[in-house]
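The primary structure of each chain is shown beneath.
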Amino acid sequence: MHLETITKQIIAQALEIGFSECGVTDTKPLDDESKHLKNWLKLGYNGTMKYMENYFDKRHNPALLVEQSKSAIVVLLNYKPSRTIPADKPQVSKYAYGTDYHFVVKNRLTQLLQWIQKEIMPCRGVAFVDSAPVLEKALAVKAGLGWIGKNSLLVNKKYGSMTFIGTLFVDISLHYNKQIEPDGCGNCQRCIDHCPTKAIVKPRIIDATRCISYLNKTHKGDVPQSLKSLIGNRIWGCDTCIDVCPYNKKTPPHNIPELMPKDEIFSLNLNTISKRQLKKLIMRQPQYNQSGTGS
Ligand code: SF4
Ligand code: SF4
């Protein structure tokens, strides 16, 4: 079968499985993004996230990550919720309202791989969701799924930046995207202006050591006093640069059962829940029944 036809079928199946968008690209080295990452690390903007310095060769060259891989099938899953936590309650980032997205996206990528193996041709595939040294945003851009916004998130024209990115590397050749989405930020700099801690030091350069999402989730040690008051009632992540982005205004809410907001997240009592319990709550695994339906 013609490569273009196969690729179209795979993209159609990804959408059928529930992904919001899907694009396909090659696994050649990501030179520009690697340069950007190198400079960012040199400036120390990764804080205590030392793991970002590891496996640089694999980040740069996805073909080294999964031996024999030829194609990267990149998917987006919209996570915009239909309701949000009232502003006066402890704030958890919207991506964490449901069960742990790593499982949700990986489950669907596995379904996609099994379908390819059955319907297209036998192949080997490995799925990644934020779990390995993969420059996912760069691959998504190459696959034609959006551009990197000034807040350094991937922005998709239709789904904005409230999307999870997943990548399925396969050892078969496919038809690769050639149309890169132009930068849609233009003169807008709402994310830069509204960032409470001024963590976006330049368009697309985030000083993670000032970013609330890092400070209240990943950072080890004390948070500097000067930043503490700016964190406000955000207890897990920060959505400010997402909430102000015009591309997120018209996005339709998702209808993924496993990502539906859980009531416990909306009624957190900070006097009775520890950071450890909160982490456990956020990392809950989805439950799947025999027909594959999750909750
Ligand atoms: S997540 Fe919050 S703190 Fe971090 S860059 Fe965005 S607005 Fe700033
Ligand atoms: S808020 Fe404006 S500048 Fe920031 S990512 Fe969205 S469109 Fe781009």
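Here goes a summary of the coordinates provided. (Residues numbered from 1 in each chain as written. Chains lettered and ligands numbered in written order. Predicted model: local features only at pLDDT ≥ 70, side-chain atom pairs only at ≥ 80, totals over all residues.)

Here's the deal with the overall build of the protein
Rules: The secondary structure listing takes helices from DSSP runs of H or I that are at least 4 residues long and strands from runs of E that are at least 2 residues long, numbered from the N terminus. Our radius of gyration looks at C-alpha atoms and nothing else; its globule reference is 2.2 Å times the residue count to the power 0.38. Here the C-beta atoms are placed from the backbone, and a residue counts as buried if at least 20 other C-beta atoms lie within 10 Å of its own, exposed if 12 or fewer do, and partly exposed otherwise.
Of the regular secondary structure elements, the protein holds twelve helices and ten strands. Against the 2.2 N^0.38 benchmark of 19 Å for 295 residues, the protein shows a C-alpha radius of gyration of 19 Å, consistent with a compact globule. Overall size of the protein, expressed as C-alpha extent along the three principal axes, is 60 × 45 × 35 Å. A buried classification covers 40% of the 295 residues belonging to the protein.

A few points about the sheet that holds strand 7 (residues 163–170)
Under the convention used in this document: A strand pair is defined by DSSP finding two or more bridges across the two strands. Interaxial angles span 0 to 180 degrees and are taken between N-to-C directions of axes, which are lines fitted to C-alpha atoms, for helices over the stretch in contact.
Spatially, the four strands line up as an open sheet ordered 1-2-7-4, and their pairing is antiparallel. Since the sheet does not close on itself, it has two edges, and those belong to strand 1 (21–26) and strand 4 (125–128), each with one partner. The average undirected angle you get between the axes of adjacent strands in this sheet is 20°. Where strand 2 (residues 71–78) and strand 7 come together, eight bridges link them in antiparallel fashion.

Comments concerning helix 2 (residues 31–42)
This is how the line gets drawn: What a helix is expected to span follows from its residue count: subtract one and scale by 1.5 Å.
Helix length check: helix 2, at twelve residues, gives a terminal C-alpha distance of 17 Å against a target of 16 Å (1.5 Å per residue), a fit within 8%. Following helix 2 by one or two positions, Gly44 adopts a phi angle in the positive range, close to 75°.

Brief notes about the site of ligand 1
Applied cut-off: Any residue qualifies as near a molecule or strand once its backbone-derived C-beta atom lies within 6 Å of it. In this count, Pro and Cys sit with the nonpolar residues alongside Ala, Val, Leu, Ile, Met, Phe, Trp and Tyr, while Asp, Glu, Lys and Arg are called charged and the others, Gly among them, polar.
Neighbouring residues of ligand 1: 13 residues in total, closest Cys195, Cys211, Cys238, Thr240 and Cys241. At the level of secondary structure, the elements contributing two or more residues to the shell around ligand 1 comprise helix 8 (212–215) and helix 10 (240–243). Its residues assigned to classes, the shell around ligand 1 comprises nine nonpolar, four polar and no charged.

What about the pairing of strand 2?
Summarising burial for strand 2: eight of the eight residues are buried, a large majority. On strand 2, burial covers both faces: Ser71, Ile73, Val75 and Leu77 on one face and Ala72, Val74, Leu76 and Asn78 on the other are all buried. Sheet topology note: the strand 1/strand 2 ladder contains six bridges and is antiparallel. Opposite Thr25, over in strand 2, you have Ala72 as the bridge partner.

Details of unusual backbone geometry
The phi torsion at Gln68 lies on the positive side, around 70°, for a residue other than glycine. Within the secondary structure, Gln68 is located in the loop between helix 4 (62–65) and strand 2. We note that Ser152 has phi near 70°; this positive angle belongs to a residue other than glycine. If you trace the backbone, Ser152 turns up in the loop between strand 5 (147–148) and strand 6 (154–155).

Some remarks on the environment of Tyr97
Applicable threshold: Contact between two residues is assigned when their C-beta atoms, built from the backbone, lie within 7 Å.
Considering the arrangement of structural elements, one finds Tyr97 in the loop between strand 3 (91–92) and helix 5 (101–120). In sequence terms Tyr97 and Asp263 are 166 residues apart; their C-alpha atoms lie 8.8 Å from each other. Non-local contacts of Tyr97, meaning those with residues more than four positions away in its chain, are made with Pro81, Val92, Pro261, Lys262 and Ile265.

What to know about the packing of helix 1 (residues 3–17) against helix 5
Threshold: Angle categories are assigned with fixed cut-offs, so that under 35 degrees is roughly parallel, over 145 is roughly antiparallel, 65 to 115 is roughly perpendicular, and the rest are oblique. Should the near helix be turned counterclockwise from the far one by less than a right angle, the crossing is left-handed, whereas a clockwise turn marks it as right-handed.
Where helix 1 contacts helix 5, the two axes come as close as 10 Å, and the packing angle between them is 140°. By the angle between their axes, helix 1 is oblique relative to helix 5. In this structure, helix 1 meets helix 5 at a crossing whose hand is right-handed. Contacts between helix 1 and helix 5 involve Ile6, Gln9, Ile10, Gln13, Ala14 and Ile17 from the first element and Arg108, Gln111, Leu112, Trp115, Ile116 and Ile120 from the second. Grouping the constituent residues of the contact of helix 1 with helix 5 by class yields eight nonpolar, three polar and one charged.

Everything listed here is a matter of coordinates, which is why it stays silent on function.
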